[in-house]
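Okay, here's what each chain looks like letter by letter:
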Amino acid sequence: MAVTLVTSVASSSARFHFRSFSSSSSSPLSSSFLRIQLPSRFKLALAVTPLYHSSRAMAHTLAQATLGLTQANSVDHPKVSFAAKDIDVTEWKGDILAVGVTEKDMAKDVNSKFENPILNKLDAHLGGLLADVSSEEEFSGKPGQSTVLRLPGLGSKRVGLIGLGKSASSPSAFQSLGEAVAAAAKASQASSVAVVLASSESNESKLASASAIASGTVLGLFEDSRFKSESKKPSLKSVDIIGFGTGPELEKKLKYAEDVSYGVIFGRELVNSPANVLTPAVLAEEASNLASMYSDVMTANILDEEQCKELKMGSYLAVAAASANPPKFIHLVYKPSSGPVKTKLALVGKGLTFDSGGYNIKTGPGCLIELMKFDMGGSAAVLGAAKAIGQIKPPGVEVHFIVAACENMISGTGMRPGDILTASNGKTIEVNNTDAEGRLTLADALVYACNQGVDKVVDLATLTGACIIALGNSMAGIYTPSDELAKEVIAASERSGEKLWRMPMEESYWEMMKSGVADMVNTGGRAGGSITAALFLKQFVDDKVEWMHIDMAGPVWNEKKKAATGFGVATLVEWVQNNSSS
């Protein structure tokens, strides 16, 4: 370290001089000699070791060491086998027989007997206990209600009633049933469970309902204990789904539900991982691991900072410039191992592994800086979908998974308010708020995606607080000029049980995004903030490519559970599947 630092501090009685000299210029961690020159009657000399080295390379080395010495524990996800059976519920043997009931199913005749034939038969088998308990506990089949009877000596050790509400017709209702089944299984340490509906489903909806129950069960069992010193393993091993039919089509649908659910779990784990563990480099490593796991259909290309410079990604790199953790641009490609490709898709996810806000730092109540690990929720949805698609292997469709991963931090090398950036398509951006950084990373990612020759692009991002104000925490906003693409993605979300709402692309709002010195500013203020953000992204999409932006800032996180939701994975997989040849 060949640096000499001279500092003078004046006071009324003395002048202090601080001077440091390197004892060796060859070693970045060598001791330095610090001489403190005081008035003539005082002299003091100390040998010190510098805490850091001035070079950026050294800063990167230090940053890559895990802050806090935290490492995720290795956790095996519980594997549950699902089987479709067509047997009499009174003959089933196992730990818990769970019956999904609507409010209508709970109706009783003048003799206090169930009018529903399945409940009536089951109650007769139990000597009237089911009717008695439901009356005593005022169980009426409302959503969220459940009651479990312990029955020693009978085929089923426990029988549970789980409320579905006035009717059960949506995937989310059946997912909730699966989650309730998982909760009951965890509470009683059950290893075998059967699920049946009191009211039979139509043949058209049986496949979707059974799939949703399986999905809800897997997700309900999941608890992220990687960062806890102690954890419990669920004991549930098998789930029989009764009354939904049998055969290879149903078995395939149940397997599909499992594959998607484990993709959702992967997405949850990514978002739950703290920023001192999940750096851009680690996120890139996770992506590379997916390509290795599904090497028959998937490849990975991870671009470093220099490669991104060659591609002129000035917008993305400006966001990354302040961080000691270098950016990583992730590009996975799924290609079927055989057969022609009829459609090429791109899924682009915002990948801010931490967002401090930059010089426009997040401050004050509601800024959520402590939760900004979830600012890579879009990338988690994309990589979660990649995991599921690598497992499912849909034919006839090529999918590009793209993430511009980085951190938005504060340092002397960081972008400042007022800076002008040049994106990879040549357009210039005046930065009027460093906390509107996600769109800057997405700008270059969208240009890159369109250059892959794709037909359609969907990007996902925890982009604006404005979208949360508009739609709340359970629904994502979608923005697209394409009515056809909107129909496709909304249809996929309805099948997956995730809630989307189409927002306007009001072109007149672009006036708020104009700059006096550049092509545009990066934020247009509070009014219509989610719309102007979408209009900004549109500037970086090829006119020939169908494009949609999904703002998932609300549903990325479950505040009640203090954990990630895995939102977006199921809808993306369903959309890709619908664009395939299957």
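Residues numbered from 1 in each chain as written. Predicted model: local features only at pLDDT ≥ 70, side-chain atom pairs only at ≥ 80, totals over all residues. Heavy atoms only, no water.

A. Main features of the packing of helix α6 (residues 248-272) against helix α15 (residues 569-578). Direction vectors running N to C along α6 and α15 enclose 135 degrees, while the axes themselves pass 9 Å from each other. As judged from the angle between their axes, α6 and α15 are oblique. Once α6 is placed against α15, the crossing between them reads as right-handed. Each of Tyr256, Val260, Gly263 and Val264 in α6 lies in contact with α15, whose residues at this interface are Val569, Ala570, Val573, Glu574 and Gln577. Residues that form the contact of α6 with α15 fall into these classes: six nonpolar, two polar and one charged. (Axes fitted to C-alpha atoms, helices over the stretch in contact; angles between N-to-C directions. Helix = DSSP H or I, 4+ residues; strand = E, 2+ residues; numbered from the N terminus. Parallel < 35°, antiparallel > 145°, perpendicular 65-115°, else oblique. Left-handed = near helix turned anticlockwise from the far one by under 90°. Contact = heavy atoms within 4.5 Å. Nonpolar A, V, L, I, M, F, W, Y, C, P; charged D, E, K, R; others polar.)

B. Layout of the sheet that holds strand β16 (residues 428-430). On the basis of which strands lie adjacent, the open sheet formed by three strands has the order β15-β16-β20 and mixed pairing. Two strands in the sheet have a free side with no partner beyond their single neighbour: β15 (420-422) and β20 (520-521). Pairing analysis gives two bridges linking β16 to β20, with the strands arranged parallel. Bridging across to β20, Glu430 finds its partner in Val521. (Pairing = 2+ DSSP bridges.)

C. Region of interest: the sheet that holds strand β18 (residues 476-479). Here we have eight strands laid out as an open sheet, ordered β11-β12-β14-β13-β17-β21-β18-β19, and mixed in their pairing. The strands lining the two open edges of the sheet, one partner per strand, are β11 (298-303) and β19 (500-502). Adjacent strand axes in the sheet meet at a mean angle of 20 degrees, parallel and antiparallel pairs treated alike. Taken together, the three bridges between β18 and strand β21 (residues 546-551) define a ladder with antiparallel strand orientation. What sits directly across from Ile478, in β21, is Ile550. Packed onto the sheet, helix α11 (residues 438-450) meets β11, β12 (328-334), β13 (343-355), β14 (397-408), β17 (456-461) and β21 and runs at close to 155 degrees relative to β13.

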